[in-house]
Amino acid sequence: MAVSSAPGKVYLFGEHAVVYGEPAVPCAIERRATVEVSARSDGRLRVDAGDLTLDGFTVEYGGDGAPDVDVPQSLVQAATGYVDGAVAQARDAADSPDVGFDVAIESAIPLGAGLGSSAAVAVAGIDAATRELGIELSTEELAKRAYRVEREVQSGEASRADTFCSAMGGAVRVEGDDCRRLDAPNLPFVIGYDGGAGDTGELVAGVRALREEYDFAADTVEAIGDLVRRGERALDEGDIAELGRLMDVNHGLLSALGVSSRSLDAMVWAAREAGAHGAKLTGAGGGGCIVALDESEASRTALGYTPGCVESFRAELDFEGVRREDG
Ligand code: MEV
């Protein structure tokens, strides 16, 4: 048996635009997905995701049709797509195409909510499954293989940002294939969660369609890239007020690309009006989470009274990426 964990993340800046080669700065947070893997000789795959969402589920399947379970199919597809992909990567890395696995996932990262649950499951899953087969992959190789899984599940449209950040930990900068760690202070992140989820593949496809149809949408994507470059300077200087201002602008630009929602906007405004330095949606959007910068408790308190917000919490930057949990 091998057990690995990997952190979720928030985007300080740059989601969506990063898919088109603009830079982005995601930051790993101390909320992890943990994946336990045992090899089995009958080639079958059993996935126990009891703690993956509010309504847990267990599925058993062997590649011979869709699993038969009593939860929304989109949720099952989202979870099993990443687990299947991670298993395929491990089989490939270990040159063991026929090995089966028992996989148990526990995650403190809500699914599809912009906190990088899928990347964390893919990274931790590949690490645990390859170690179970006696192979040690470097962190860079893990990030690469997890990226392939995301790209496949997102129909060919994914950046390396989520998977690199989850594998490496800390604050990172991703621009195309160029991925690196950044020096960053421990930023005062506050997260608001609306209990919902967005379909990343659909949201990415929506931005692509808008960008192809309207020059202003292509310009908006480029403007996000310019903003990220300004944000990197502010991060380097530890200028929290400027980071907050730029987060506000980034949220406006993401709204213009059609990926915000009423509840995300409501949470962003609640945090801003409570005195946060800035606030924006994080991840693909459509529903899920916002991230605000606030050292005080005011944003959390305000989010607690905001209709549509089901949970708010403080998130520390997690300087550790993928981690062995089996001693
Ligand atoms: C999703 O967490 C982030 C997006 O930029 C997609 C990607 O980078 O693959 C929307």
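Residues numbered from 1 in each chain as written. Predicted model: local features only at pLDDT ≥ 70, side-chain atom pairs only at ≥ 80, totals over all residues. Heavy atoms only, no water.

The name given to the protein chain in an unreviewed UniProt entry is Mevalonate kinase, with Halococcus morrhuae DSM 1307 as the source organism. In its Subcellular location (unreviewed entry) section, UniProt records this for the protein chain: "Cytoplasm". (UniProt positions renumbered as here; feature names shortened; annotations may be inferred.)

K.L.:
Got a minute to help me understand the overall build of the protein chain in this structure?
P.N.:
Across its full length, the protein chain carries 9 helices and 12 strands. Relative to the 2.2 N^0.38 estimate, which gives 20 Å for 327 residues, the radius of gyration of the protein chain is 19 Å and therefore close to what a compact globule would have. Its C-alpha atoms give the protein chain principal-axis dimensions of about 55 × 45 × 40 Å. Counting all 327 residues of the protein chain, 55% fall into the buried class. Here the analysis covers contacts within the protein chain between residues at least 6 apart in sequence; of these, 72% occur between residues at least 24 apart. As displayed, the protein chain offers around 13200 Å² of accessible surface, 44% of which is attributable to carbon and sulfur atoms. (Helix = DSSP H or I, 4+ residues; strand = E, 2+ residues; numbered from the N terminus. Rg over C-alpha atoms; globule rule 2.2 N^0.38 Å. Buried < 20%, exposed > 50% of the residue type's maximum accessible area, 1.4 Å probe, protein only. Contact = heavy atoms within 4.5 Å. Areas by Shrake-Rupley, 256 points an atom, 1.4 Å probe, with all protein chains shown as cover.)

K.L.:
What exactly am I supposed to notice about the packing of aromatic side chains here?
P.N.:
Here the distance between the centres and the angle between the planes together describe a pair of aromatic rings. Tallied over the full model, the rule gives 1 aromatic pair. Here the basic side chain of arginine 272 rests over the ring of tryptophan 269, its NZ or CZ set 4.7 Å away from the ring centre. (Phe/Tyr/Trp six-rings, centres within 6.5 Å; stacked < 30°, edge-to-face > 60°. Lys NZ or Arg CZ within 6 Å of the ring centre and 35° of its normal.)

K.L.:
What is the right way to look at the pairing of strand β1 (residues 2-13) in this model?
P.N.:
Counting buried residues in β1 gives 12 out of 12 residues, a clear majority hidden from the surface. The pairing of β1 with strand β12 (residues 323-324) spans 2 bridges and is classified as antiparallel. Bridge pairing in β12 links serine 5 to arginine 323. (Pairing = 2+ DSSP bridges.)

K.L.:
Would you mind showing me how to read the nonpolar core here?
P.N.:
Note on soluble globular proteins: their nonpolar side chains tend to be buried together. Residues Leu12, Val103 and Phe189 are the most contacted members of the largest nonpolar core, which totals 95 residues. Looking at this core, the element that brings in the most residues is helix α2 (residues 117-132), giving 8 residues. Setting aside residues no more than four positions away along its own chain, phenylalanine 189 makes contact with Val10, Leu12, Cys27, Ile29, Val291, Ala292, Leu293, Phe313, Arg314, Ala315 and Leu317. (Core = buried A, V, L, I, M, F, W, Y, C linked by side-chain atoms within 4.5 Å.)

K.L.:
Honestly, the side chain of lysine 280 in this entry has me stumped. Any pointers?
P.N.:
By the secondary structure assignment, lysine 280 is in strand β9 (residues 278-281). Among the polar contacts made by the side chain of lysine 280, one reaches the side chain of glutamate 15 at a distance of 2.8 Å. In this structure lysine 280 touches Tyr11, Leu12, Phe13, Glu15, Met247, Asn250, His251, Leu254, Val268, Ile290 and Val291, once residues within four positions along its chain are discounted. (Polar contact = N/O pair within 3.5 Å; in protein donor to acceptor, adjacent residues only side chain to side chain.)

K.L.:
Just checking my understanding: could you explain the UniProt feature "active site" (unreviewed entry) in the protein chain for this structure?
P.N.:
Taken from the UniProt record, the annotation "active site" (unreviewed entry) applies to Asp162. Checked against the element boundaries, aspartate 162 lands in helix α4 (residues 161-168). If we ignore the near neighbours within four places in the chain, the residues touching aspartate 162 are Lys9, Tyr11, Gly116, Ala119 and Glu150. Looking at aspartate 162, its side chain comes within polar contact range of the side chain of lysine 9, at 3.0 Å.

K.L.:
I keep staring at the state of the cysteines and nothing clicks. Help me out?
P.N.:
By definition, a disulfide links the sulfur atoms of two cysteines through a covalent bond. Applying the stated criterion across every chain yields a total of 0 disulfides. Left without a disulfide partner, cysteine 165 is nearest to the cysteine sulfur of cysteine 27, which lies 6.6 Å away. Cysteine 165 sits in the buried class, given a relative accessible area of 0%. As a non-bridged cysteine, cysteine 289 has cysteine 309 as the owner of its nearest cysteine sulfur, 8.8 Å distant. (Disulfide = S-S within 2.5 Å.)

K.L.:
Honestly, the sheet that holds strand β10 (residues 289-293) in this entry has me stumped. Any pointers?
P.N.:
In sheet architecture, strand pairing relies on hydrogen bonds along the backbone and comes in two forms, parallel and antiparallel. Ordered in space as β9-β10-β8-β11, the 4 strands form an open sheet in which the pairing is antiparallel. Whereas interior strands pair on both sides, the edge strands pair on one side only; in this sheet they are β9 and β11 (311-315). The mean inter-strand angle of the sheet, taken between neighbouring strand axes irrespective of direction, is 20 degrees. In this structure, β9 lies alongside β10, joined through 4 bridges in antiparallel fashion. Residue pairing in the sheet places glycine 278 in a bridge with leucine 293 of β10. Against the sheet, helix α7 (residues 240-256) touches β9 and β10, its axis set at about 35 degrees to β9. (Axes fitted to C-alpha atoms, helices over the stretch in contact; angles between N-to-C directions.)

K.L.:
Could you clarify how one ought to interpret α4 in this entry?
P.N.:
Along an α-helix, residues three or four positions apart point the same way, because every turn accommodates 3.6 residues. In terms of burial, α4 is a largely internal element, 8 of the 8 residues being buried. Of all the residues in α4, the buried ones are Ala161, Asp162, Thr163, Phe164, Cys165, Ser166, Ala167 and Met168. The elements touched by buried residues of α4 are β1, β2 (25-40), α2, α3 (139-153), β6 (171-175) and β7 (178-182). Two residues or fewer after α4 comes glycine 169, characterised by a positive phi angle close to 80 degrees.

K.L.:
Explain the packing of helix α5 (residues 200-213) against helix α6 (residues 215-237) here, please?
P.N.:
Helix packing for two helices is described by the angle between their axes and how far apart those axes are. Taken N-terminus to C-terminus, the directions of α5 and α6 make an angle of 120 degrees; their axes are 5 Å apart at the nearest point. Judged by the inter-axis angle, α5 sits oblique to α6. The two elements α5 and α6 cross, and the hand of that crossing is left-handed. Taken together, the residues of α6 that come into contact with α5 (itself represented by Leu210, Arg211 and Glu213) are Asp215, Ala217, Ala218 and Val221. (Parallel < 35°, antiparallel > 145°, perpendicular 65-115°, else oblique. Left-handed = near helix turned anticlockwise from the far one by under 90°.)

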